[in-house]
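Residues per chain, in single letters:
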Amino acid sequence: MPRVFSGVKPSGDFHLGNYIGAFRQWVAHQEDHDALYCVVDLHALTEEIDPEYLRRKTFEAALNLLAVGLDPAVCTIFVQSHVPEHPRLTWLLECSASMGELRRMTQFKAKGSGQEAVRVGLFTYPVLMAADILLYDTDLVPVGEDQRQHLELARELAQRFNHRYGATFSVPQAATPGVGARVMDLQHPERKMSKSVDSPLGTVDVLDDPADIARKVKKAVTDTDAQMRYDPGAKPGLANLLELMAVVTGKGPDEVASGYTRYGDLKADLADGLVELLRPVRERHRTLSAEPESVHEVLRTGAARAHEIASATYARAARAMGLLA
Ligand code: AQP
């Protein structure tokens, strides 16, 4: 079976962007791929994070991955730092990546460019992400649009390594959903919904209760011309709502727009649709919360399987570069 790998950072609570941009695909791919999904805790260290908070969020992230519908009987779920080959391969790849190509990464430009005190890890984290992916001979990486550039870097590093040292890594492909690849903040539709940005009204968490979901959708920023049409450039707030409704209904955003005249009606139906979309997640979460040991067991089994694959790939790369076995 072709292999799928993807990861999520345990830096906060999972939101609708993670669910629609990534987890829905993860769940779909687990059936017909050899799927590995990772809580990338090392990535969370690139910015200030309280140690206790990180530990708690890492566990919660694993629990939530089960809640969104991943089945440990058919896929592998593990924590990045439990598999030591991730930082080990990162070093090998850093020794073939260039400062110039990392400086071009838009996420780094947005978060840290020009600041002397910025962490080195924030600059090099796309290389860690490349190592995450390349360790597993990954064919497909389901990600939201925000990660596309990092995925391109992973492909570039794999090709460069293979060219310089001989065939070592599979070159992965990105898989982004047609609609919903970039869910925007409901209050600031010019920026993506994100767990590390404090925007309580703009972010719908996957575990929000129905009343909160309805309140946030109702207060979502739109525009004043009140014309119902899908136009992400001129009407980003409305376009975001139409895209979300397109995900909920399986229609295209233009088709959704043609079915409404008033923003209020769209918002009301969208709130109901999102409540239903996320209901199974909330229910599974309630059950799983009562059995934390089963989550730890999933992570132990997952790390053992991931380590088996990752150690073989690391050994291949180390040998190719001339490290003594
Ligand atoms: N707004 C989004 N729309 C669609 N997909 C999204 N993803 C994240 N945000 C959106 C996808 O979710 C997966 C996990 O990504 P992450 O852990 O990097 O998510 P985040 O919520 O973006 O987290 P942070 O802490 O806010 O990260 P930064 O600040 O680095 O962006 C990925 O597949 C991602 O594409």
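Residues numbered from 1 in each chain as written. Predicted model: local features only at pLDDT ≥ 70, side-chain atom pairs only at ≥ 80, totals over all residues. Heavy atoms only, no water.

*Asks:* I'd love a proper account of the overall build of the protein chain, names of residues and values included.
*Replies:* Of the regular secondary structure elements, the protein chain holds 13 helices and five strands. By the compact-globule yardstick of 20 Å for 325 residues, the protein chain fits well, its C-alpha radius of gyration being 20 Å. Counting only C-alpha atoms, the protein chain reaches 70 × 45 × 40 Å along its principal axes. For the protein chain, the residues scored as buried account for 52% of the 325 residues in total. Carbon and sulfur atoms make up 53% of the accessible area of the protein chain, which amounts to about 14700 Å² in all. Of the charged side chains in the protein chain, 37 are positive and 44 negative, and the gap between their average positions amounts to 3 Å. (Helix = DSSP H or I, 4+ residues; strand = E, 2+ residues; numbered from the N terminus. Rg over C-alpha atoms; globule rule 2.2 N^0.38 Å. Buried < 20%, exposed > 50% of the residue type's maximum accessible area, 1.4 Å probe, protein only. Areas by Shrake-Rupley, 256 points an atom, 1.4 Å probe, with all protein chains shown as cover. Lys, Arg positive; Asp, Glu negative; His and termini not counted. Charge placed at Lys NZ, Arg CZ, Asp CG, Glu CD.)

*Asks:* Tell me what's going on with the packing of aromatic side chains, and back it up with residues and numbers.
*Replies:* The full count for this structure, using the stated rule, is eight aromatic pairs. Ring geometry for phenylalanine 23 against tryptophan 26: centres 5.0 Å apart, planes inclined by 75 degrees, an arrangement best described as edge-to-face. Of the two residues, phenylalanine 23 and tryptophan 26 both sit in helix 1 (residues 16–32), three residues apart, roughly one turn of that helix. Judged on exposure class, the residue phenylalanine 23 and its partner tryptophan 26 are both buried. Here a set of aromatic residues connected by ring pairs shows up, and it is made of Phe14, Phe23, Trp26 and Tyr37. Lying across the ring of tyrosine 125, lysine 9 places its NZ or CZ 5.7 Å from the centre. (Phe/Tyr/Trp six-rings, centres within 6.5 Å; stacked < 30°, edge-to-face > 60°. Lys NZ or Arg CZ within 6 Å of the ring centre and 35° of its normal.)

*Asks:* Requested: an account of the layout of surface pockets, with residues and values cited.
*Replies:* To find the voids left in a structure, one rolls a probe of water-molecule size over its atoms. Estimated volume of the largest pocket: approximately 890 Å³. Elements with a minimum of two residues in the lining of the largest pocket: strand 1 (3–8), helix 1, helix 6 (106–111), helix 7 (120–134) and strand 4 (140–142). Per-class residue counts for the lining of the largest pocket are 17 nonpolar, 15 polar and eight charged. (1 Å grid on protein atoms, 1.4 Å probe; cavity = no way out; pocket = protein on both sides within 12 Å on 5 of 7 lines; lining within 4 Å. Points joined across faces, edges and corners; volume = space filled by probe spheres on them. Nonpolar A, V, L, I, M, F, W, Y, C, P; charged D, E, K, R; others polar.)

*Asks:* Break down the packing of helix 9 (residues 210–218) against helix 12 (residues 263–289) for me, with residues and values.
*Replies:* Contact pair helix 9 / helix 12: the axes reach a minimum separation of 9 Å and the direction vectors enclose 145 degrees. Helix 9 and helix 12 meet at a crossing whose hand is right-handed. Contacts from Pro210, Ile213, Ala214, Val217 and Lys218 of helix 9 reach helix 12 at Lys267, Leu270, Ala271, Leu274, Val275, Leu278 and Arg282. Residue composition of the contact of helix 9 with helix 12, by class: nine nonpolar, no polar and three charged. (Axes fitted to C-alpha atoms, helices over the stretch in contact; angles between N-to-C directions. Left-handed = near helix turned anticlockwise from the far one by under 90°. Contact = heavy atoms within 4.5 Å.)

*Asks:* So what about the site of the ligand? Which residues, and what values?
*Replies:* The full set close to the ligand counts 24 residues, and Lys111, Asp146, Lys192, Ser194 and Lys195 are the nearest of them. Histidine 15 has a polar side-chain atom sitting 2.6 Å from an oxygen atom of the ligand. Between the ligand and lysine 111 there is a distance of 2.4 Å, counted from an oxygen atom to a side-chain nitrogen or oxygen. Protein burial of the ligand: of its 650 Å² of free accessible surface, 97% is covered by the chains. For the ligand, the cavity whose grid points lie within 2 Å of the majority of its atoms is the largest pocket. Of the residues in the shell around the ligand, the class split is six nonpolar, 12 polar and six charged. (Near = heavy atom within 4 Å. Polar contact = N/O pair within 3.5 Å; in protein donor to acceptor, adjacent residues only side chain to side chain. Sits in = over half its atoms within 2 Å of the grid points.)

*Asks:* Before we move on, can you summarise the environment of phenylalanine 123 with the specific residues and values?
*Replies:* Position of phenylalanine 123 relative to the elements: it lies in helix 7. Taking the relative accessible area as the measure of exposure, phenylalanine 123 reaches 12% and is therefore buried. Phenylalanine 123 sits 20 residues away from arginine 103 along the chain, and the two C-alpha atoms are 7.6 Å apart. Dropping the residues within four chain positions of it, phenylalanine 123 is found in contact with Met99, Leu102, Arg103 and Phe108.

*Asks:* I'd like a description of helix 13 (residues 292–321), backed by residues and values.
*Replies:* Under the 1.5 Å per step criterion, the end-to-end length of helix 13 is 42 Å for 30 residues, consistent within 8% with the ideal 44 Å. Phi turns positive one or two residues past the end of helix 13, at glycine 322, with a value near 100 degrees. (Expected span 1.5 Å × (residues − 1).)

*Asks:* Let's hear about the pairing of strand 3 (residues 75–79): which residues, and what values?
*Replies:* Regular strands have side chains that alternate between both faces of the sheet. Within strand 3, five of the five residues are buried, leaving the element largely enclosed by the surrounding structure. What you see with strand 3 is no split at all: Cys75, Ile77 and Val79 on one side and Thr76 and Phe78 on the other are buried throughout. Sheet analysis places strand 2 (residues 34–39) next to strand 3, joined by five bridges and oriented parallel. The residue bridging alanine 35 from the neighbouring strand is cysteine 75, located in strand 3. (Pairing = 2+ DSSP bridges.)

*Asks:* Could you give an account of the nonpolar core, with specific residues and numbers?
*Replies:* Counting residues in each nonpolar core, the largest one holds 56 residues, and the members touching the most others are Phe23, Leu65 and Leu266. Val83, Leu93, Tyr136 and Phe161 belong to the second-largest nonpolar core, a separate cluster that totals 39 residues. (Core = buried A, V, L, I, M, F, W, Y, C linked by side-chain atoms within 4.5 Å.)

*Asks:* Give a detailed account of helix 1, specifying residues and quantitative values.
*Replies:* Relative to the 24 Å expected for 17 residues at 1.5 Å per residue, helix 1 spans 24 Å between its end C-alpha atoms, a close match to the ideal helical length. Helix geometry: helix 1 is bent most strongly at alanine 22, by close to 40 degrees. Counting buried positions along helix 1 yields 12 of 17 residues, so the element is predominantly enclosed. Those residues of helix 1 that fall on the buried side of the exposure criterion are Leu16, Gly17, Asn18, Tyr19, Ile20, Gly21, Ala22, Phe23, Gln25, Trp26, His29 and Gln30. (Bend = angle between axes of the 7 residues up to and from the residue.)

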